[in-house]
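# Summary of structural features
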Amino acid sequence: MRIALLSCFYPYRGGISQFNASLYQELGKTDTVKAFNFKRQYPGFLFPGKTQYVTKDDDAVPIESEALLDTANPLTYHKTYRAIKAWKPDVVIISYWMSWFAPSLGYIARRLRKHCKVVSILHNVIPHEPRFFDAPLTRYFLSGCTGHVTLCDEVAQDLRRLKPKAWSITLFHPVYSHFGERVPREEACSRLGVPSEGRNLLFFGLIREYKGLDILLRAFGKLGPEYRLIVAGEPYGSFDKYQSIIDASPARERIHLFTNYIKDSEVKYYFSAADLVVLPYKSATQSGINAISNHFEVPMVVTDTGGLRHSVGESGIGLVADRADVDCILEKIREFFDSENLRTLCISSIRAEKERLSWKTFSRRLLDFTDNLYKRQ
């Protein structure tokens, strides 16, 4: 089968690019795959981070791609469509996660659908920080696709609200495996300059309002001296609010900040140093951090939002706080460390999940879905 992937790839950085690279590599083991990339993903003023691109010392997977689509330049929409059409794919797979991409990807999908199957992988249908135009723009994109893949039930529900008769399947977010293997805790802590004794909590990933770092910082201030908090990730916007909480915290000397983008080769040190990953999200669908935690076999505390209860609590790989507030997060952190066998049980469950949530399984089920689309026609 000839499969075209349209989304962001190297040299763009971040979770979606990492997801696409892993999918490209897995599909390429059995089929002919070509990556079509963005020429410009966002105008600079829409991007709140430092850069959209990998740096010279990063170790991101350098997927070969054809960079054609400038989302801010409609003249490139038709050029991208013509290039993909000329390659004559059997199916085009488009990753989608925010409405900014709807006009460009919707234009291309609607035209390609006349020649082949077009399948969306929906990381989000409605963004974490929604705006009034998200729903109509996303409907435009969805209507151009033949079928849809969601990564959790909550995104599937959003899809049904916007397109009740959509032909879709809910799969899962596979476990990331391209960050390398665990290193000894002492080595990881030494690399980060963090004491290896005690209990290390990790908040990892881009720092955005909906991720609730402010809640975790306030909860951490109530924990004893045996606890340390590692905050690793680039802020999207100002860090001033969080710094004010840290400055006023009685535990500020035990908070270790790494507020920059964490390159792929460094990820293993943060997770190898951690006893527990804490995701105090105020809203969510699924989380790529969950997939990284599973790879490194680190249990989690998450909040009951989006698909996190199902992916973490029901699978036994961590604990779920009922709400995104200080007392609930604090309760679950203490419960994890106070239970003699809980860590062992969580790691056992994580190892079982790693077998189930592989890229091989994901890709096989994705291709089965596209085959069924052909049968429906």
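Please refer to the structure higher up on the page.
Residues numbered from 1 in each chain as written. Predicted model: local features only at pLDDT ≥ 70, side-chain atom pairs only at ≥ 80, totals over all residues. Heavy atoms only, no water.

Moving on, we get to unusual backbone geometry. The step from Tyr10 to Pro11 runs through a cis peptide bond, and the omega angle for that step is 15°. In this structure, Pro11 sits in the loop between strand 1 (2-6) and helix 1 (15-27). Within the chain, Lys88 stands out as a residue other than glycine whose phi angle is a positive 60°. Mapped onto the secondary structure, Lys88 falls in the loop between helix 2 (75-87) and strand 4 (91-96). Note on Lys88: relative accessible area 64%, which makes it exposed. Of note in the backbone geometry, Glu297 takes a positive phi value of approximately 60° without being a glycine. Within the secondary structure layout, Glu297 lies in the loop between helix 10 (288-296) and strand 12 (300-303). (Helix = DSSP H or I, 4+ residues; strand = E, 2+ residues; numbered from the N terminus. Buried < 20%, exposed > 50% of the residue type's maximum accessible area, 1.4 Å probe, protein only.)

So, on to the side chain of Ser17. Checked against the element boundaries, Ser17 lands in helix 1. Residue contacts for Ser17: discarding those within four places in its chain leaves Cys8, Phe9, Tyr10 and Tyr12. (Contact = heavy atoms within 4.5 Å.)

A separate point is the packing of aromatic side chains. Here the distance between the centres and the angle between the planes together describe a pair of aromatic rings. Across all of its chains, the model carries 23 aromatic pairs by this definition. Summarising the aromatic geometry, the rings of Tyr77 and Tyr107 are spaced 6.0 Å apart at their centres and angled 55° between planes, so their arrangement reads as tilted. Here the residue Tyr77 occupies a position in helix 2, and Tyr107 occupies one in helix 3 (residues 102-112), the gap between them amounting to 30 residues. These aromatic residues form a ring-pair network of at least three members: Phe19, Phe172, Tyr176, Phe179, Trp359 and Phe362. Stacked on the ring of Tyr261, the Lys or Arg Arg13 has its end atom at 3.9 Å from the ring centre. One residue, Lys34, lies across the ring of Phe36, its end atom 5.3 Å from the ring centre. (Phe/Tyr/Trp six-rings, centres within 6.5 Å; stacked < 30°, edge-to-face > 60°. Lys NZ or Arg CZ within 6 Å of the ring centre and 35° of its normal.)

Core analysis: the biggest nonpolar cluster contains 61 residues, and Phe204, Tyr270, Phe271 and Phe362 have the highest contact counts within it. With six residues, the single largest contributor to this core is helix 14 (residues 359-376). Those residues in contact with Phe271 that sit more than four places away from it in its chain are Arg182, Leu202, Phe204, Val277, Ile289, Ile292, Ser293, Phe296 and Val298. Ile16, Met98, Leu112 and Cys116 belong to the second largest nonpolar core, which has 37 residues in total. (Core = buried A, V, L, I, M, F, W, Y, C linked by side-chain atoms within 4.5 Å.)

Turning to the sheet that holds strand 9 (residues 227-232), a few remarks are in order. Taken in spatial order, the six strands of this open sheet run 10-9-8-11-12-13, and their pairing is parallel. On the outer flanks of this sheet lie strand 10 (255-258) and strand 13 (318-321), each paired with one strand and no other. Each adjacent strand pair in this sheet contributes to an overall mean axis angle of 20°, direction not counted. Summarising the sheet, strand 8 (residues 199-204) and strand 11 (residues 276-279) pair through two bridges and their orientation is parallel. The residue of strand 11 that forms the bridge with Leu202 is Val277. Sheet contacts for helix 7 (residues 213-220): strand 8, strand 9, strand 10 and strand 11; angle to strand 9, the most-contacted strand, approximately 160°. (Pairing = 2+ DSSP bridges. Axes fitted to C-alpha atoms, helices over the stretch in contact; angles between N-to-C directions.)

Overall, parallel pairing links the seven strands, which are arranged 3-2-1-4-5-6-7 in an open sheet. Among the strands making up the open sheet, the edge pair consists of strand 3 (65-70) and strand 7 (168-170). In this sheet, adjacent strand axes meet at a mean angle of 25° when their direction is disregarded. With three bridges joining them, strand 6 (residues 147-150) and strand 7 adopt parallel strand pairing. Within strand 7, the position partnered with Thr150 by the bridge is Thr170. Set on the sheet, helix 1 makes contact with strand 1, strand 2 (32-40), strand 4 and strand 5 (117-122); between it and strand 1 the angle comes to about 175°. Along the sheet, helix 2 contacts strand 1, strand 2, strand 3 and strand 4; its crossing angle with strand 3, the most-contacted strand, is approximately 150°.

Now for the environment of Ser363. With respect to the helices and strands, Ser363 occurs in helix 14. Separated by 336 residues in sequence, Ser363 and Leu27 have C-alpha atoms that sit 6.4 Å apart. In this view, Ser363 contacts Leu23, Glu26 and Leu27; residues no more than four positions away in its chain are not counted.

Moving on, we come to helix 12 (residues 326-338). Taking 1.5 Å per residue as the helical rise, helix 12 with its 13 residues ought to reach 18 Å, and the 18 Å between its terminal C-alpha atoms agrees with that figure. Of the positions making up helix 12, those classed as buried are Val326, Cys328, Ile329, Leu330, Lys332, Ile333, Phe336 and Phe337. Measuring from the backbone nitrogen of Asp327 back to the side-chain oxygen at the start of helix 12 gives 3.3 Å, which picks out Asp325 as the cap. (Expected span 1.5 Å × (residues − 1). Polar contact = N/O pair within 3.5 Å; in protein donor to acceptor, adjacent residues only side chain to side chain.)

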